[in-house]
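# A closer look at the structure
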Amino acid sequence: TQLLEQSPQFLSIQEGENLTVYCNSSSVFSSLQWYRQEPGEGPVLLVTVVTGGEVKKLKRLTFQFGDARKDSSLHITAAQPGDTGLYLCAGAGGTGGGADGLTFGKGTHLIIQP
Amino acid sequence: DAGITQSPRHKVTETGTPVTLRCHQTENHRYMYWYRQDPGHGLRLIHYSYGVKDTDKGEVSDGYSVSRSKTEDFLLTLESATSSQTSVYFCAISGTLWEGTGELFFGEGSRLTVL
């Protein structure tokens, strides 16, 4: 069974601060996604990283895939209240095409206080 | 946004009664999934489908069955609901898994309470 560990589980910071969320595994993934979920809604895809060492930027969000494709990080610069939500990382299997879905971490609950 | 609708969005039922949740997509995607989301457990895969009448079990399939008679519809059935099946259920679709990216598009969820 492939497991993804996210840290921290909960994070509450002031508007304008920077933060980093981590997603770690002992397994190799063919790709890794980050989702954001708001209360009462389904997760929404933010980004997919595929290549080891890959860095992607989405406005103030920077995503990195580890060189060995076992871990990833999400860095938010100058956090804003609109960034509040549950952030989930999810990995696609390294073999077999991944038709059996993604493995999800338990998520990081992020609160940005004005 | 991907065209996915789940019904019902909210349901309260009693232990021992059957329950069916429906997921309908307008994207003609091949892959469909049912997940449940619980505090402390995150999202866990119940069943998935890789085509019409082609389904398989996920991590937490006990007590659940699924059917897919048409590309657009994926039904999740609890034959005899138990309190442990109180959860938020999410349907997801993907058209790209065999290309290796594994990106999912989720419905808005169905909140089920079993008394």
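All of the points below concern the structure found in this document. From a predicted model like this one, the values you see are computed outputs, not experimental measurements. Counting restarts for each chain, with residues numbered from 1 along the sequence as it is written. Note on labels: chains are lettered from A, ligands numbered from 1, in written order. Two thresholds apply to this predicted model, a pLDDT of at least 70 for residue-level local features and 80 or more for giving and counting side-chain atom pairs, whereas whole-chain, interface and lining totals are computed over all residues. Heavy atoms throughout the structure, all of them, feed into the side-chain values; hydrogens and water do not.

This part is about the sheet that holds strand β7 (residues 64–70) of chain B. Residues and elements named next belong to chain B. The rule for pairing is simple: two strands pair if DSSP sees at least two bridges between them. Think of it this way: any DSSP run of H or I at least four residues long counts as a helix, any run of E at least two long counts as a strand, and we number them from the N terminus. Sheet architecture is open: four strands sit in the order β1-β3-β8-β7, paired in antiparallel fashion. Single-partner strands in this sheet number two, and they are β1 (4–7) and β7. Going from strand to strand, the sheet's axes swing by 15° on average, the running direction of each strand aside. When strand β3 (residues 19–25) meets strand β8 (residues 73–78), the two strands line up antiparallel, connected through six bridges. Along β8, the bridge assignment pairs L21 with L76. Axis lines are fitted through C-alpha atoms, for helices just across the contact stretch, and the angle between N-to-C directions can take any value from 0 to 180 degrees.

Here the focus is unusual backbone geometry. Residue S7(A) is joined to P8(A) through a cis peptide bond whose omega torsion reads -10°. Mapped onto the fold, P8(A) is located in the loop between β1 (5–7) and β2 (10–14). The step from S7(B) to P8(B) runs through a cis peptide bond, and the omega angle for that step is -10°. Looking at the secondary structure, you find P8(B) in the loop between β1 and β2 (10–13). You will see that K53(B), though not glycine, has its phi angle at about 65°, which is positive. In this structure, K53(B) sits in the loop between β5 (42–51) and β6 (54–57).

Remember that the coordinates give geometry; whether it matters functionally is a separate question.
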